[in-house]
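# An overview of the molecular structure
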Amino acid sequence: MQADSLFQMQNNTKTLTSDNPYFLLSTEQNRTIEAHHMAQAQLGLEEQGWALFRGFEHNLDIFNQVVSNFCHKLTFDPARKFSSNMSQKVDAGTLAIGLHTENGNTPFPPHIVAFYSQKSALTGSQTTLCDGVSFYHSLPEPLQKRFSYPISVTRTLPKELWQTYVANEHPELAPGQEINFHHLQDVLNMVPGQSGKLNAQGELEYSLVVSPLQIKNGKIAFANALLGPSFNYEKPSYQFADGSYVSQSELDLLAAYAEEHTYELQWQDGDIILIDNTRIMHGRRAIEGDPKQRKLVIAMGRN
Ligand SMILES: [Fe+2]
C-alpha cells in the first residue's frame, strides 16, 4: 500500500487520557510525588512503556529526583543546552518531529527518557508516543522481515559534537581534560559495531550498526531513530549488510503505519512523563504560535 493512501485512512487522532492506570493524576493540587506513585510509574514502564504525573508539585529539582529514581547513569545529548546539571532544554525548531527513540543512532541510547513541561503551549506541539510493540505487530510480514536485520547508520559528526560525546562517555576522563584521538578510539572500542575516521577538518566520519527491533521480556518492538529528525546532526544514510539502502518510500510507509499506533500528549504545566526508550518512540506535532510559550525539559539515563 502507498503511504499517501494509508495516511488518508488514518486521521483519527488519539490522545493520552487519565483513564489509563499509569496516567497519574493528583487529586489534590500540588501534592508531593511519593514512593507509591513512583512504584505505580515503574509498573507503567514495565507494562506499557510509559507513565505520566499530572497535577503534582513540580520544579526542576523534583523532575531531576524523579528521573534519578528510575535511572542510575544519566546521559546527555552533546548538541543540547543544559537546564540544570541533569536535564537539558528541548529546542528543535517548530516543525513536526518524526517518531524516534532518543539518541537511537548513538552507541549508548538511554533506557529511559523523561520530559517535564515547565510551560505548555495552548495549542499544537503535542508530544507523540508510539508503542513499538503494537506497531511492529501491525506491520506486514515483508516489512517485519526487512527490518529484522542490522542497519549501518553513517554520517559525519563535527569536531565539537564528537568531542563532547567522548567527554561524556569515556570512563577515565577528568572534567575539562583535552580530548584526543586515543580517547575517541577507546569509546569506539567500548561498543561493537562502531567505526570512524577523522577527516582533514577534524570531523568524524562515523558508522554504527544498530538493530531496528528491540526485544525485551519476550516482546519485539520496532524502536529506533529511522523516522526521526536530524536537527543537530547531518542526516544519516541507512544501509543493510546486503548493500541496499533504506529508501525514502520505505520510511514514508513505516511512518504511515506508525500513525495508527501514535497517541498525542497535550501538555499541561507541570506534567512529567517517563518513557521506556527501548519500546516507545516519541516525536512532536508542529509548534503553533510563539515557540517561547513552551518550555520543555528532557532528561535521560540508563538503568
Ligand atoms: Fe527526542
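So, here's what we can say about the structure. (Residues numbered from 1 in each chain as written. Predicted model: local features only at pLDDT ≥ 70, side-chain atom pairs only at ≥ 80, totals over all residues.)

## Focus on unusual backbone geometry
Stated formally: In DSSP terms, a helix is any run of H or I states spanning at least four residues, a strand is any run of E spanning at least two, and both are numbered starting from the N terminus.
At Asn-30, a position not held by glycine, the phi torsion is positive, near 60°. With phi around 50°, Asn-103 is a residue other than glycine that occupies positive phi space. One can find Asn-103 in the loop between β6 (97–100) and β7 (112–119).

## Digging into the packing of helix α6 (residues 159–169) against helix α7 (residues 181–190)
The geometry of a pair of packed helices is captured by two quantities: the angle between their axes and the separation between those axes. As a reminder, the rule being used: Axis angles are defined between N-to-C directions and span 0 to 180 degrees, where every axis is a line fitted to C-alpha atoms and, for a helix, only to the segment in contact. Any angle that is under 35 degrees is reported as roughly parallel, and any over 145 degrees as roughly antiparallel; angles of 65 to 115 degrees are reported as roughly perpendicular and all others as oblique. Here a crossing is taken to be left-handed if its near helix is turned anticlockwise relative to the far helix by less than a right angle, and right-handed if that turn runs clockwise. Throughout, a pair of residues is in contact if the C-beta atoms placed from their backbones lie within 7 Å. Residues are grouped as follows: nonpolar covers Ala, Val, Leu, Ile, Met, Phe, Trp, Tyr, Cys and Pro; charged covers Asp, Glu, Lys and Arg; every other residue, Gly included, is treated as polar.
Closest axis-to-axis distance for the α6/α7 pair is 10 Å, and the angle between their directions is 65°. Between α6 and α7, the interaxial angle falls into the category roughly perpendicular. Two packed elements cross with a definite hand, and for α6 against α7 that hand is left-handed. Along its contact with α6, which presents Trp-162, Val-166 and Glu-169, the element α7 presents His-183, Leu-184 and Val-187. Residue composition of the contact of α6 with α7, grouped by class: four nonpolar, one polar and one charged.

## As for the pairing of strand β13 (residues 219–222)
Formally: Two strands pair under a simple rule: DSSP has to find at least two bridges between them.
In the sheet, strand β12 (residues 213–216) pairs with β13 via four bridges, with the strands oriented antiparallel. Each residue of the ladder has a partner; that of Ile-215, found in β13, is Ile-220. From the end of β12 to the start of β13, which pair antiparallel, there are two residues, and Asn-217 there has a positive phi angle of about 50°.

## Some points on the sheet that holds strand β14 (residues 237–240)
Two modes of strand pairing occur in sheets, parallel and antiparallel, and in both the strands are linked by backbone hydrogen bonds. A sheet is described by the order of its strands in space; here four strands give the open sequence β10-β11-β9-β14, paired in antiparallel fashion. Among the strands making up the open sheet, the edge pair consists of β10 (194–198) and β14. Strand after strand, the sheet turns through a mean of 20° between neighbouring axes, direction not considered. Looking at chain direction, strand β9 (residues 151–157) and β14 are connected through four bridges and run antiparallel. Directly across from Ile-151, in β14, lies its bridge partner Phe-240.

## So, the sheet that holds strand β1 (residues 14–15)
Ordered in space as β1-β15-β8-β17-β6, the five strands form an open sheet in which the pairing is mixed. The open sheet has two free edges, formed respectively by β1 and β6, since each of these has just one partner strand. Examined bridge by bridge, strand β8 (residues 127–131) and strand β17 (residues 280–284) share five bridges and lie antiparallel to one another. By the bridge assignment, Leu-129 is partnered in β17 with His-282.

## As for helix α3 (residues 60–70)
Formally: Partly exposed residues are those falling between the two cut-offs: more than 12 but fewer than 20 other C-beta atoms within 10 Å of their own, whereas 20 or more means buried and 12 or fewer means exposed, with C-beta atoms placed from the backbone. The arc in question is the one traced by the directions running from the helix axis out to the C-beta atoms.
For α3, the set of buried residues is Phe-63, Asn-64, Val-66 and Val-67. One side of α3 holds all its buried residues, which, seen down the axis, span an arc of 160°. Check the buried side of α3 and you find it contacts β7, β16 (272–276) and β18 (295–302).

## A short note on the pairing of β10
Bridge count between β10 and strand β11 (residues 204–210): five bridges; the pairing is antiparallel. Its bridge partner being in β11, Ser-195 is matched across the sheet by Ser-207.

## Topic: the environment of Asn-105
With respect to the helices, strands and loops of the structure, Asn-105 is situated in the loop between β6 and β7. In this structure the C-alpha to C-alpha distance between Asn-105 and Ser-211, which are 106 residues apart in sequence, comes to 10.0 Å. Setting aside anything within four residues of it in sequence, one finds Asn-105 in contact with Val-153, Leu-208, Val-210, Ala-225 and Pro-236.

## Quick look at the environment of Trp-267
Of note, Trp-267 is situated in the loop between β15 (262–265) and β16. On the basis of neighbour count, Trp-267 is assigned to the buried category, with 22 C-beta atoms found within 10 Å. It is 6.8 Å that separates the C-alpha atoms of Trp-267 and Ser-117, two residues lying 150 residues apart in sequence. Not counting residues up to four positions away in its chain, the partners in contact with Trp-267 are Ser-117, Ser-120 and Thr-127.

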